[in-house]
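Structural overview for review
Residues per chain are reported as follows:
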Amino acid sequence: SLLIFVIVIVLSFSSALYCNDLPEMRCPDPDWYEFGDFCYKPFTDQKTWHAARTSCRKLGADLVSLLSLKEQITSDMWIGLNDLEIQGYQWSDGSFVSHTNWGYGEPNNHEGREDCVEMVTTNNGSSWWNDLNCDAHQDWICMIPKGKNLCVLL
Ligand SMILES: [Ca+2]
Ligand SMILES: [Ca+2]
């Protein structure tokens, strides 16, 4: 069979990221949970929302936009949703905001300083979204489409 590798070169700072496709529609490695058409990986080294997004993007992924993997999420985690732009809430990866899952009284934009969104998970397993100051340090979760390999920094 013919393997077609698509090389995408992304300039990031002064380094280049090389990202290719996998020969099969699967996740890049066993650390990534497969669900539907996407792969998910939670990270527990707490970061600001922007630092978390940068880390995901360096892998060729982005902060999670489709949350159909609740059982894998056991802590409060940054997701890709934000209202950093004037247009209102958007997903970091450009996905259409088709539904929301705000907690009671959220988003409250507390003190006018909450432009990023975390998914809060309670002890009984239910979860909801809360807008939060982007500079808070939280766990985070990346999402990458199945069939895409992780980028390599050269
Ligand atoms: Ca806000
Ligand atoms: Ca809030």
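One structure accompanies this document, and this report is about it. Bear in mind the structure is a predicted one, so any value in this text is a computation, not a measurement.

A closer look at the coordination of the calcium ion (ligand 1)
- Protein coordination at the calcium ion (ligand 1) comes from Asp83 (OD), Asp83 (OD), Asn109 (OD1), Glu114 (O) and Asp115 (OD), with a distance range of 2.4 to 2.8 Å.
- Mapped onto the sequence, the donors of the calcium ion (ligand 1) take the spacing D-x25-N-x4-E-D.
- Residue class for asparagine 109 comes out partly exposed when judged on its relative accessible area of 34%.

Here we look at the state of the cysteines
- Considering all chains together, one arrives at 4 disulfides under this definition.
- Two residues, cysteine 56 and cysteine 142, share a disulfide whose sulfurs are 2.0 Å apart. Between cysteine 56 and cysteine 142, the S-S dihedral sits near -90 degrees, and the bridge is therefore left-handed. One end of the pair, cysteine 56, is in helix α1 (residues 49-58); the other, cysteine 142, is in strand β10 (residues 138-145), and 86 residues separate them in sequence.

Focus on the side chain of serine 55
- Mapped onto the secondary structure, serine 55 falls in helix α1.
- Residue classification places serine 55 among the buried residues on the basis of a relative accessible area of 17%.
- Each residue touching serine 55, except ones within four places of it in the same chain, is listed here: Lys47 and Trp140.

As for the packing of aromatic side chains
- The final tally for this structure, using the stated rule, is 4 aromatic pairs.
- Relative to tryptophan 140, the ring of phenylalanine 43 lies with its centre 4.2 Å away and its plane at 10 degrees, an arrangement referred to as stacked. Note that phenylalanine 43 is positioned in strand β4 (residues 38-47) and tryptophan 140 in strand β10, a separation of 97 residues in sequence. Assigned by exposure class, phenylalanine 43 and tryptophan 140 land together as buried.
- Pairing tryptophan 102 with tryptophan 129 gives two aromatic rings, centres 5.8 Å apart and planes at 85 degrees, and the pair type is edge-to-face. Of this pair, tryptophan 102 sits in the loop between β7 (90-91) and β8 (116-121) while tryptophan 129 sits in strand β9 (residues 127-132); the two residues are 27 residues apart in sequence, bridging distant segments of the chain.

Reading the values: rules and limits
- Residues numbered from 1 in each chain as written.
- Chains lettered and ligands numbered in written order.
- Predicted model: local features only at pLDDT ≥ 70, side-chain atom pairs only at ≥ 80, totals over all residues.
- Heavy atoms only, no water.
- Donors = N, O, S within 2.8 Å, 3.2 Å for Na, K, Ca; no water.
- Buried < 20%, exposed > 50% of the residue type's maximum accessible area, 1.4 Å probe, protein only.
- Disulfide = S-S within 2.5 Å.
- Helix = DSSP H or I, 4+ residues; strand = E, 2+ residues; numbered from the N terminus.
- Contact = heavy atoms within 4.5 Å.
- Phe/Tyr/Trp six-rings, centres within 6.5 Å; stacked < 30°, edge-to-face > 60°.

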